[in-house]
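A closer look at the structure
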Amino acid sequence: MTTVRIALDSRAYDIRIAAGLLDNPSTFASIAVPKGTALVVTNTTVAPLYAARLEQSLQPHFARVLRCTLPDGEEYKTWETLNQIFTDLLRQQCDRKTTLFALGGGVIGDMTGFAAASYMRGVPFVQVPTTLLAQVDSSVGGKTAINHPLGKNMIGAFYQPRLVVADLSTLHSLPPRELSAGLAEVIKHAAIADLDFLDWLESHIDALIARDVTALGEAVARCCRIKADVVAQDETEAGLRAVLNFGHTFGHAIEGGMGYGNWLHGEAVGAGMVLAADLSVRLGLLPPADAERLARLIARAGLPVRAPDLGAARWAEWMQVDKKTEGGAVRFVLLQGLGRPVLRAAPMAEVQASIAAHLQPVSAQTETA
Ligand code: NAD
Ligand code: GLY
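Position numbers for residues start from 1 in each chain and track the written sequence from start to end. As a convention, the first chain written is A and the first ligand written is 1, with the rest following in written order. For this predicted model, a pLDDT threshold of at least 70 governs which residues receive local features, and a threshold of 80 or more governs which side-chain atom pairs are given and counted, while totals over whole chains, interfaces and linings are taken from all residues. Values shown for side chains rest on all heavy atoms present in the structure; no hydrogens or waters enter the calculation.

Description of the site of ligand 2
Our working definition: For this purpose, a residue is taken to be near a molecule or strand whenever a single non-hydrogen atom of the residue falls within 4 Å of it. What qualifies as a polar contact is a pair of N or O atoms within 3.5 Å, subject to a donor-acceptor requirement within protein and to the restriction that residues adjacent in sequence count only when both atoms come from side chains. Residue burial considers only the protein chains on display, and all accessible areas are found by Shrake-Rupley using a 1.4 Å probe. Residues were grouped as follows: Ala, Val, Leu, Ile, Met, Phe, Trp, Tyr, Cys and Pro as nonpolar; Asp, Glu, Lys and Arg as charged; and all remaining residues, including Gly, as polar.
Around ligand 2 sit Asp-137, Lys-143, Lys-188, Lys-227, Arg-241 and Leu-244, and that is every residue in its neighbourhood. In the environment of ligand 2, an oxygen atom lies 2.8 Å from a nitrogen or oxygen atom belonging to the side chain of Lys-143. Between an oxygen atom of ligand 2 and a side-chain N or O atom of Arg-241, the distance comes to 2.7 Å. Within the complex, the protein chains bury 90% of what would otherwise be the 200 Å² of accessible surface of ligand 2. Counted by class, the shell around ligand 2 contains 1 nonpolar, no polar and 5 charged residues.

Here it is as structure tokens:
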């Protein structure tokens, strides 16, 4: 088992990474939480695959183990679904000695974390991520949120889990499209922080797509180490943490503009990174060959490298509601060389030029969705 520590003083915690963790009760033996109620929050897709197995591993450690099953999909990352968690908690008379277990991908993790942050003003939670995207990114670092019709992840809280359990064997049931979406965040970590990791990815991308467990374990651990380092320096995104949003200003606009759930988050980030690299080239920060190198890797991961045609006005409108926007100026994470991110505003004409140079042909607009 690989363990990565998130060093946050009294809120420090471990990420445990290995195959088979879910079925081993000892995985959950040493979490410093009250031994009252465990509520497993999951969705209709993940529940039949893994909920009973997790519950069995939790039984020895809690007085009672309950389940809350939500509908599946980004389009359900809403107030209404969040409220379903609160309703279950209240109906089952869950008190402050309750721990929430987020079993699923980033949508379940983000919503469960937000529920834990606010139920009775805060109860502990544990992340049990079952998608590659959630194992390498969303389960780590304590960002929790729901979407608003006017903006992605706009309502939420910073709230750290007590433990992250990344069981690599759960990745075998993941649909190929979801695996590729997770690879987008893997490539993001390499592009912003680690050239050696980028080289490694270029030689192991086929092994990752084939779900070689050793390669997956290495990728998850390397991403978690990069993210742990950033989060330990800037937990609440006062500055540095924004680099983890490489590709996301364009990506969030694609997700929102196309309707939540049509483009997967990772797919939108894949195309978004191509656009952000192109913008970096236009602003004289990145050699064109490096942008092409990144785009080739993104394509090899099975991700889109072209963007949907939202129309210039809607692109501008969606990018404006990004959380990095300051005083009305949209800011982008750009690359001043591979592995060297920088946060800055860019002239809208250059932004639109990057988008125009990477639009999908009209015939493909509905296919990606
Ligand atoms: P997701 O949670 O929608 O999961 C993808 C799909 O895979 C869903 O249908 C899910 O039910 C299914 N699934 C999950 N595990 C499975 C398994 N083992 N086998 C088969 N199917 C499985 O999507 P995601 O890509 O995991 O997460 C995307 C979300 O994460 C977005 O909402 C994004 O905003 C958020 N996110 C948050 C952070 C953060 O720091 N908090 C970082 C990145 C992304
Ligand atoms: N995924 C971006 C962050 O955690 O900050």
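With respect to the nonpolar core
Soluble globular proteins tend to pack their nonpolar side chains together in the buried interior. To keep it simple, the criterion reads: For the purposes of this section, nonpolar cores are sets of buried Ala, Val, Leu, Ile, Met, Phe, Trp, Tyr and Cys residues that join through side-chain atoms within 4.5 Å. The buried label goes to any residue with under 20% of its type's maximum accessible area, the exposed label to any with over 50%, and the partly exposed label to all in between, with areas taken from a 1.4 Å probe on protein chains only. Counting from the N terminus, the helices are DSSP H or I runs at least four residues long and the strands are E runs at least two residues long. Should any heavy atoms of two residues lie within 4.5 Å, those residues are considered in contact.
Grouped together as the largest cluster of nonpolar side chains are 80 residues, with contacts concentrated most on Leu-132, Phe-250 and Trp-315. Considering every element that reaches this core, the biggest residue donor is helix α7 (residues 213-233), with 11 residues. Beyond its immediate sequence surroundings of up to four residues, Phe-250 is in contact with Gly-272, Leu-275, Ala-276, Leu-279, Trp-315, Met-319, Phe-332, Val-351 and Ile-355.

What about helix α11 (residues 312-320)?
For the record, the criterion: The arc in question is traced by the directions running from the helix axis to the C-beta atoms.
Those residues of α11 that sit buried are Trp-315, Trp-318 and Met-319. The buried side chains of α11 occupy one side of the element, clustering within an arc of 100° when seen end-on. Opposite the buried face of α11, at more than 90 degrees from it, the exposed residues are Ala-313 and Glu-317. Close packing links the buried residues of α11 with β8 (151-158), α8 (248-258), α9 (265-282), β10 (331-335) and α12 (348-356).

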